[in-house]
Amino acid sequence: MLVLLPPSEGKTAPRRGAPVEVASLSAPELGPMREKVLDALVEASARADAVQVLGVGASLADEVARNVLLREAPTAPARQVYSGVLYAAAGLDRLTPTGRRRAAEHVRIASGLWGLVSPEDHIPAYRLSMGVDLPGVGPLASAWRPLVDEQLATLASDELVVDCRSSTYAASGRPPADARWVAVRVLREADGRRAVVSHNAKHTRGVLTRHLLTRRGKAPETAEQLARVAAELVGTELLAVELREPRRGARVLDLVVG
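Residues numbered from 1 in each chain as written. Predicted model: local features only at pLDDT ≥ 70, side-chain atom pairs only at ≥ 80, totals over all residues. Heavy atoms only, no water.

*Asks:* Could you clarify how one ought to interpret the pattern of salt bridges in this entry?
*Replies:* Close approach of charged atoms allows side chains with opposite charge to pair. All chains considered together, the criterion is met by 18 salt bridges. A salt bridge links Asp93 to Arg100; the shortest N-O distance between them is 3.9 Å. Two residues, Arg244 and Glu242, come together in a salt bridge whose shortest N-O distance is 3.2 Å. If you follow the salt bridges from partner to partner, you end up with Arg185, Glu189, Arg194, Glu242, Arg244 and Asp254 in one network. (Salt bridge = Lys/Arg side-chain N within 4 Å of Asp/Glu carboxyl O.)

*Asks:* Where do I start with helix H1 (residues 31–45) in this structure?
*Replies:* Each full turn of the α-helix corresponds to 3.6 residues, which orients residues three or four apart in the same direction. Given a rise of 1.5 Å per residue, 15 residues ought to cover 21 Å, and the 21 Å separating the end C-alpha atoms of H1 matches this to within 8%. Along H1, the positions that sit buried rather than exposed are Gly31, Met33, Arg34, Val37, Leu38, Ala40, Leu41, Ala44 and Ser45. (Helix = DSSP H or I, 4+ residues; strand = E, 2+ residues; numbered from the N terminus. Expected span 1.5 Å × (residues − 1). Buried < 20%, exposed > 50% of the residue type's maximum accessible area, 1.4 Å probe, protein only.)

*Asks:* Looking at this model, I keep getting lost on the environment of Ala48. Mind explaining?
*Replies:* Examined against the element boundaries, Ala48 turns out to sit in the loop between H1 and helix H2 (50–53). Expressed as a C-alpha distance, the spacing of Ala48 and Glu72, which sit 24 residues apart in the sequence, is 21 Å.

*Asks:* I would appreciate a short explanation of the pairing of strand S3 (residues 107–111) in the present structure.
*Replies:* The side chains of a regular strand alternate between both faces of the sheet. Among the five residues that make up S3, five are buried, leaving the element largely enclosed by the rest of the structure. Side-chain alternation along S3 places Val107, Ile109 and Ser111 on one buried face and Arg108 and Ala110 on a second face that is also buried. Where strand S1 (residues 2–5) meets S3, three bridges bridge the pair, whose relative direction is parallel. Its bridge partner lying in S3, Leu4 is registered against Arg108. Taken together, S3 and the strand that follows it, strand S4 (residues 115–117), pair antiparallel across an intervening segment of three residues. (Pairing = 2+ DSSP bridges.)

*Asks:* Explanation requested: the environment of Arg66 in the structure shown.
*Replies:* Residue position: Arg66 is located in helix H3 (residues 61–66). As a C-alpha pair, Arg66 and Ala125 span 59 residues in sequence and 8.6 Å in three-dimensional space. What Arg66 contacts, discounting residues up to four positions off in sequence, is Ala13 and Ala125. (Contact = heavy atoms within 4.5 Å.)

*Asks:* Help me out: how do you make sense of the pairing of strand S8 (residues 160–163) in this one?
*Replies:* Across the two faces of S8 the burial is the same, with Leu160 and Val162 and Val161 and Asp163 all buried. Two elements, S1 and S8, share three bridges in a ladder whose sense is parallel. Within S8, the residue paired with Val3 across the bridge is Val162. Relative to strand S9 (residues 180–190), S8 runs parallel, the two being bridged by four bridges. Within S9, the position partnered with Leu160 by the bridge is Arg180.

Written out as structure tokens, the structure is:
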């Protein structure tokens, strides 16, 4: 099983820790591109129009300015740095040592800066979306795609892939053809109607991720087994679970919330 997560926009900046060592991150094959994107991000963040270049509002100017010092900034495990809604629900930093080892093996986080990272990779807090057209690199999803595709060909070959990424991050790479690929979608049911939700989807995907990492028993190996595992949350976090036929190469697991 491989669980693919998006990063969180909200990040907790480490107060102490050694600066990032790109060569020490998991998937060292991504190193040259990581260095290229990091250099380009530092340069772009020093521009007078940096917030426009990075596609964020003026209220985030301080976070963009912090990018200039990324090579000197303290680092911490990615499970601590990513701290948004999904990660609060997944609780990757609240796992037992056994759970952390399981997460390190089975979870990868998509990143506009790093491509893919493990929860145990030590990274600084940064501001960069996969949707950015970064000067010197180009559209990040396109730039990362061939490299992420290669990584997923290794990590996800003949595996069940539980894809919790948003569309922006899913564009950065696809699991190989022999993977059992399931995209997780969250729907809200109200007055007998269902509609796709966005913000609440982060929480629900985080809940599913934690359940997959902490429940007893063997990890699911097929889409049908995944649906049965997700159904264990019906009556608490979920109203219903439905498995749909392939859509753009992936089967779709609908998690219905109230």
